[in-house]
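Architecture at a glance
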There are 2 protein chains.
Amino acid sequence: MTPARGDHEARRTEVSEAVWRVLSTRGFEALTLRAVAAEMGATTGLLTHYFPSKKALVAHALELLDRRSLERPRRLAPADGGPPPPEGLARLRAALLDVLPLDGPGRAGNRIWVGSWDVALADPELAEAHAARYARARRLLTECAADAQRLGELPAGRPAEELAAGAQAFVLGLVVQAMFAPAEFPAERQTALLDTYLAGLAAG
Amino acid sequence: MTPARGDHEARRTEVSEAVWRVLSTRGFEALTLRAVAAEMGATTGLLTHYFPSKKALVAHALELLDRRSLERPRRLAPADGGPPPPEGLARLRAALLDVLPLDGPGRAGNRIWVGSWDVALADPELAEAHAARYARARRLLTECAADAQRLGELPAGRPAEELAAGAQAFVLGLVVQAMFAPAEFPAERQTALLDTYLAGLAAG
């Protein structure tokens, strides 16, 4: 039985919430049509009406992650209409801090991002979508680094693309460390490590 | 029917090979007793004799990964009895290069490491084992960094632990980038990025 349109939207939201709960507690490995149905108290049959396969479910989960990452409070573009986004080196710093698991929502999102790498590496289409996401993030970082060079905050010697690739590597690896050892990598230490890294770039 | 001891060992090796093939092509998400049995041309029943559950299979896979990581040619401790391992900054560089996906075996191992993060984050025991692995690696890097400071190759200002944590973040993130965008991050670029990072540390 096909549900009515209003029901359909409400149900999709309900499915999304259930997908998020499964992923943030048990990861992609546990993301099955059956697990999501159980989480919703629904039947697997109802769920297959929305997502015909596990791959469709995973693709939906990654879209959801993209959307939630954009929605959570970000230093780079404050959602509350706060102070205007910084520029140059301060903007680069803000963009990098936005990636780190510095608080609860940051940890929840990163737990799912890191978890998504296994399924993404197993599927050429998902891998390409992830590669495009990271390339897009590097373009933003490159822009920030080039601005910082123009402002004289970073030395002009190195290509901005290389500064961006290095900075992205640094924060991605810091995410992994902090996810596995949260007590050893509290927000203050993550921020201090990043600031030392940026000070090193500024010193040339 | 319980197999004889010699058979048992041979069969375990066969199972390990099948686990490795499943993981390196399809990841942890696809690691099921059924998939490994199919890969071996055996029955699921036979496999459960060796691994009673998926968790046992995953734990075995991670041990296998540890062993293979130690076995593959490493700059830090050449298996062929080549030149003695370097010391100080050169040793730090060798240890960091050993982590990167610079060649086929490096890519295969890293594909599995990165893939293991999803299941590891979902299970406290596996997460703790992973945290211990990274902490052990950081201790080695700390030792190298302290030696480099003693030799005057790195400035004495920063604690060696912080140099090690930063360097580990840098290579882990570089692994992720290179796994998703191998064409953009060939071995030469990975090495150049690492060398620039180390030069920055040396300059203080």
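Residues numbered from 1 in each chain as written. Chains lettered and ligands numbered in written order. Predicted model: local features only at pLDDT ≥ 70, side-chain atom pairs only at ≥ 80, totals over all residues. Heavy atoms only, no water.

Where an unreviewed UniProt entry is consulted, chain A appears under the name TetR/AcrR family transcriptional regulator, with the organism given as Kitasatospora misakiensis.

1. With respect to the relation of the copies chain A and chain B
This is how the line gets drawn: The atoms used to superpose the copies are C-alpha atoms, taken from residues with pLDDT of at least 70 in both, and the fit is least squares. Note on contacts: a residue pair qualifies if any of its non-hydrogen atoms lie within 4.5 Å across the two residues.
Mapping chain A onto chain B is achieved by rotating through 180° and translating by 0.0 Å along the same axis, at an RMSD of 0.0 Å. Viewed as a symmetry operation, the transformation between the two copies matches a two-fold axis. Both copies contact each other with a shared surface, as 100% of the interface residues of chain A are interface residues in chain B too.

2. Notes on the domain arrangement of chain A
All names here are of chain A. Our working definition: Domain segmentation is taken from an automatic or database assignment of domains. Buried area: the accessible surface (1.4 Å probe) lost by two parts on joining, summed over both. Throughout this description, the term salt bridge denotes a Lys or Arg side-chain nitrogen within 4 Å of a carboxyl oxygen of Asp or Glu.
Domain parsing of chain A yields domain 1 (5–69) and domain 2 (75–203). The C-alpha centroid of domain 2 is placed 28 Å from the C-alpha centroid of domain 1. In this complex, domain 1 contributes 12 residues to the contact, which on the side of domain 2 involves 12 residues. Interface of domain 1 and domain 2: buried area, both sides summed, is about 1,200 Å²; carbon and sulfur atoms make up 69% of it. The largest share of the area that domain 1 buries against domain 2 comes from F28, K55 and L62, three residues that together contribute 41% of it. At the boundary of domain 1 and domain 2, one finds three salt bridges. Residue R133 is joined to D66 by a salt bridge in which the shortest nitrogen-to-oxygen separation is 2.9 Å.

3. Thoughts on the packing of helix α5 (residues 88–99) of chain A against helix α9 (residues 187–203) of chain A
Residue and element names in this part refer to chain A. Short version of the rule: To obtain each axis, a line is fitted to C-alpha atoms, and for helices this fit is confined to the stretch in contact; angles are then taken between N-to-C directions over 0 to 180 degrees. A run of DSSP states H or I qualifies as a helix once it reaches four residues; a run of E qualifies as a strand once it reaches two. Both are numbered from the N-terminal end. Two helices cross in a left-handed way if the nearer one is turned anticlockwise from the farther one by less than a right angle. They cross in a right-handed way if the turn is clockwise. Three classes are used: nonpolar for Ala, Val, Leu, Ile, Met, Phe, Trp, Tyr, Cys and Pro, charged for Asp, Glu, Lys and Arg, and polar for all others, with Gly counted as polar.
Contact geometry of α5 with α9 gives a least axis separation of 11 Å together with a crossing angle of 145°. Like other packed secondary-structure pairs, α5 and α9 cross with a definite hand, here right-handed. Two secondary-structure elements touch here, α5 through L92, R93, L96 and L97 and α9 through T191, L194, D195 and L198. In terms of residue class, the contact of α5 with α9 is built from five nonpolar, one polar and two charged.

4. Remarks on the UniProt feature "domain: HTH tetR-type" (unreviewed entry) in chain A
Applied cut-off: UniProt positions are given in the numbering used here, feature names are shortened, and annotations may be inferred rather than shown by experiment.
As recorded in UniProt, the sites labelled "domain: HTH tetR-type" (unreviewed entry) are residues 9–69 of chain A. The span residues 9–69 of chain A carries 80% helix and 0% strand; its end-to-end C-alpha distance comes to 21 Å.

5. Here we look at the interface of chain A and chain B
Quick note on the threshold: Identification of polar contacts relies on pairs of N or O atoms within 3.5 Å, with a donor-acceptor requirement for protein atoms, meaning one able to donate a hydrogen and the other able to accept it, and with residues adjacent in sequence counted only if both atoms are side-chain atoms.
Each side of the interface is counted separately: chain A has 42 residues, and chain B has 43 residues. A combined buried area of about 3,600 Å² lies between chain A and chain B, and 64% of that area is made up of carbon and sulfur atoms. Along the contact surface separating chain A from chain B lie eight salt bridges. B:E29 is the salt-bridge partner of A:K54, the closest N and O atoms lying 2.6 Å from each other. Between the two partners, chain A and chain B, sit 16 residue pairs in polar contact (both at pLDDT 80 or more).

6. Describing the environment of A:A127
On the secondary structure map, A:A127 appears in helix α7 (residues 124–150). Along the sequence, A:A127 and A:S116 sit 11 residues apart, while their C-alpha atoms lie 9.9 Å from each other.

7. Focus: the packing of aromatic side chains
Each aromatic ring pair is specified by the distance between its two centres and by the angle formed by the two planes. This is how the line gets drawn: By convention, a stacked pair of Phe, Tyr or Trp rings (six-membered ring in the case of Trp) has centres within 6.5 Å and planes under 30 degrees apart, an edge-to-face pair has planes over 60 apart, and any other such pair is tilted. Summary of the burial criterion: residues with accessible area below 20% of their type's maximum are buried, those above 50% are exposed, and those between are partly exposed, where the area comes from a 1.4 Å probe applied to protein chains only. Remark: a charge is flagged as sitting over a ring if the NZ atom of Lys or the CZ atom of Arg is within 6 Å of the ring centre and within 35 degrees of the ring normal.
Inspection of the entire model under this criterion finds six aromatic pairs over all chains. Between A:F170 and A:Y197 the ring centres are 4.4 Å apart and the planes differ by 15°, which places this aromatic pair in the stacked class. Pair noted here: A:F170 is in helix α8 (residues 160–180) and A:Y197 is in helix α9, with a separation of 27 residues, a long-range link. Residue A:F170 is classed as buried on the basis of its relative accessible area of 2%. For the pair A:Y197 and B:Y197, a centre-to-centre distance of 6.0 Å together with 25° between the ring planes defines the contact as stacked. On the criterion of chain membership, the pair formed by A:Y197 in helix α9 and B:Y197 in helix α9 (residues 187–203) is interchain, its members lying in two chains. We note that A:Y197, like B:Y197, is buried. The structure contains a cluster of three or more aromatic residues connected by ring pairs, namely A:F170, A:Y197, B:F170 and B:Y197. Positioned over the ring face of B:F185 is B:R189, at 4.4 Å from the centre of the ring.

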